[in-house]
Amino acid sequence: MIVITGATGALNGATVDRLLERMPASGIAVVARDVEKARRFAELGITVRHGDYADPASLPRAFDGAEQLLLVSASDPKADAVALHRDAVDAAVAAGVGRILYTSHQGASPDTPFGPARDHAATERMLAESGVPWTSLRNGFYAHSLAWLAGPWRETGTIAVPMDGRVSWTARADAAEAAAVILAANRAATGGASAAGPYDGPVTLTAPDAPTFADTAAIASELAGRPVALEVLGSEEWVAAQLATGQPEFMARFTLGIYEAAAGGYFAGTDPLLGALLGRAPLSARDALAAPTPAPAR
Ligand SMILES: NC(=O)c1ccc[n+]([C@@H]2O[C@H](COP(=O)([O-])OP(=O)(O)OC[C@H]3O[C@@H](n4cnc5c(N)ncnc54)[C@H](OP(=O)(O)O)[C@@H]3O)[C@@H](O)[C@H]2O)c1
């Protein structure tokens with residue numbers, strides 16, 4: 001049985017959809033905080049179980065019988081994600097799960113300025129110490145976030161950033177499909193009992209290019225058919241500009257951490273593994289910028 005948390009969300013929901021193309025629904029269970037939200041999976045013949053990291057008593061039944069368990073990283077930036085992940089990993093160990101897979105982030109590191117990636121690093125440490133085989137899916141930064149971070153450049157002709165840096169913008173749909181490929185490959189390799197597997201420890205799943213924001217402005221210029229300039233404002237001027245648009249300071253500083261991590265090179269690496277798993281070129285930053293409607297801020 002492959003047990004998947006976070007399937008009511010975008011990433012792991014898409015992973016379940018891609019997994020269904022590779023194995024029968026009877027071999028999959030999804031774990032949802034609100035089982036009603038998971039109704040579409042039940043209708044596909046997938047087992048739906050209740051489970052919430054914040055309610056550890058719900059987890060033993062939720063994770064029961066998992067040869068592979070895909071743990072979503074907690075999504076609330078104000079929650080104590082590491083504590084939630086600790087409870088989830090402890091429950092997985094107690095349930096005798098064969099392998100834990102975890103949705104991490106490229107640049108997971110204890111010293112990154114991007115807060116969630118420090119939580120991912122702490123979670124990877126607890127996975128390494130758990131004694132259970134584990135895979136950390138270090139996904140590149142969601143490419144659709146670029147449309148949000150770049151702002152209304154089509155109208156303004158500018159992209160304003162606090163500082164420049166490289167980011168390997170990666171389509172969430174591609175990361176989701178790669179997770180399904182890995183889950184299915186583990187299952188095929190082991191006949192279901194997936195303690196062994198070729199994807200062990202951290203694996204980095206990124207698009208093949210990591211453009212700077214200056215590169216991004218050049219791509220935007222080509223797409224717009226007129227110049228789009230990059231404005232590098234510096235941290236405090238950029239934060240002030242965010243506050244002036246009504247953005248809460250917490251969010252502005254959180255987002256500043258993204259740019260600081262980019263400038264520090266945390267998102268600059270690229271890895272051919274994603275393309276190899278997909279058997280095609282992953283979507284690119286250009287594809288994300290060319291998307292007709294800027295996506296919301298996640
Ligand atoms: N790589 C990136 O650039 C990037 C960007 C943003 C986020 N992320 C991370 O990637 C994860 C998946 O992304 P996504 O786009 O699928 O996010 P999403 O659409 O917000 O989905 C998050 C999922 O996590 C579940 N969840 C949250 N807290 C939980 C808890 N305490 N116990 C059990 N389940 C919980 C949610 O359940 P409900 O449906 O009940 O809310 C939902 O199914 C996020 O959670 C976040 O950690 C990565």
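Residues numbered from 1 in each chain as written. Predicted model: local features only at pLDDT ≥ 70, side-chain atom pairs only at ≥ 80, totals over all residues.

Some details on the overall build of the protein
Within the protein, the regular secondary structure consists of 13 helices and nine strands. The C-alpha radius of gyration computed for the protein amounts to 20 Å, which stays within 12% of the reference 19 Å derived for 298 residues, consistent with globular compactness. Here the protein holds 298 residues, and 46% of them are scored as buried. When contacts within the protein are restricted to residue pairs at least 6 apart in sequence, those whose partners lie at least 24 apart make up 77%. (Helix = DSSP H or I, 4+ residues; strand = E, 2+ residues; numbered from the N terminus. Rg over C-alpha atoms; globule rule 2.2 N^0.38 Å. Buried ≥ 20, exposed ≤ 12 C-beta atoms within 10 Å, placed from the backbone. Contact = placed C-beta atoms within 7 Å.)

Points about the domain arrangement of the protein
Domains assigned within the protein are domain 1 (2-140 + 171-205) and domain 2 (147-166 + 207-269 + 283-290). For domain 1 versus domain 2, the distance between C-alpha centres works out to 30 Å. Every contact between the two is made by 13 residues of domain 1 and, on the other side, eleven residues of domain 2. Here the residues of the side of domain 1 that touches domain 2 are counted per class, giving five nonpolar, seven polar and one charged. (Domains from an automatic or database assignment. Nonpolar A, V, L, I, M, F, W, Y, C, P; charged D, E, K, R; others polar.)

A closer look at the confidence of the model for the protein
When pLDDT is averaged along the protein, the result is 94; 95% of the residues meet or exceed 70. Throughout residues 192-196 the model reports pLDDT below 50, and contacts reaching past four residues in sequence, or to other chains, amount to 15 contacts. (pLDDT = per-residue confidence, 0-100.)

Details of the nonpolar core
Counting 88 residues, the largest nonpolar core has Val 30, Leu 69 and Ile 100 as its most contacted members. Each of domain 1 (2-140 + 171-205) and domain 2 (147-166 + 207-269 + 283-290) gives at least three residues to this core. Excluding its chain neighbours within four sequence positions, the residues that come into contact with Ile 100 are Leu 69, Leu 71, Val 89, Ala 92, Leu 127, Val 132 and Trp 134. (Core = buried A, V, L, I, M, F, W, Y, C linked by C-beta atoms within 7 Å.)

Brief notes about the site of the ligand
Around the ligand there are 26 residues in total, and Thr 8, Gly 9, Leu 11, Ser 73 and Ser 75 lie nearest to it. Counting residues per element, the ones that place at least two in the shell around the ligand are α1 (10-20) and β5 (99-105). With three residues, the single largest contributor to the shell around the ligand is α1. Across the shell around the ligand, the residue classes tally to nine nonpolar, eleven polar and six charged. (Near = placed C-beta within 6 Å.)

Quick notes on the sheet that holds β5
Read from one edge to the other, the open sheet built from seven strands follows the order β3-β2-β1-β4-β5-β6-β8, with strand pairing classed as parallel. Of all strands in the sheet, those bounded by a partner on one side alone are β3 (47-50) and β8 (201-205). On average, each strand axis in the sheet is inclined to that of its neighbour by 20°, with strand direction left out of account. Across four bridges, the pairing between strand β2 (residues 28-32) and β3 is parallel. Within the sheet, the bridge partner assigned to Ala 32 lies in β3 and is His 50. The strands touched by helix α5 (residues 115-129) are β5, β6 (134-139) and β8; relative to β5, the strand with the most contacts, the crossing angle is about 160°. (Pairing = 2+ DSSP bridges. Axes fitted to C-alpha atoms, helices over the stretch in contact; angles between N-to-C directions.)

Concerning helix α4 (residues 81-95)
An α-helix turns once every 3.6 residues. As a result, residues three or four positions apart point the same way. Helix length check: α4 (15 residues) gives 21 Å between terminal C-alpha atoms against 21 Å at 1.5 Å per residue, within 8%. Contact partners of the buried residues in α4: α3 (59-63), β4 (68-71), β5 and α5. Trailing α4 by a residue or two, Gly 96 shows a phi angle of about 75°, which is positive. (Expected span 1.5 Å × (residues − 1).)

A closer look at the pairing of β5
β5 sits mainly inside the fold: seven of its seven residues count as buried. Of the two faces of β5, the one carrying Arg 99, Leu 101, Thr 103 and His 105 and the one carrying Ile 100, Tyr 102 and Ser 104 are both buried. As defined by bridge partners, β4 adjoins β5 across four bridges and the pair is classed as parallel. When the sheet's bridge partners are listed, Leu 70 is paired in β5 with Leu 101. Direction of pairing for β5 relative to β6: parallel, over a ladder of six bridges. Within the sheet, the bridge partner assigned to Leu 101 lies in β6 and is Thr 135. Regarding topology, α5 serves as the crossover connection from β5 to the parallel β6, and that connection is right-handed. (Right-handed = clockwise from strand over helix to strand, strands pointing away.)

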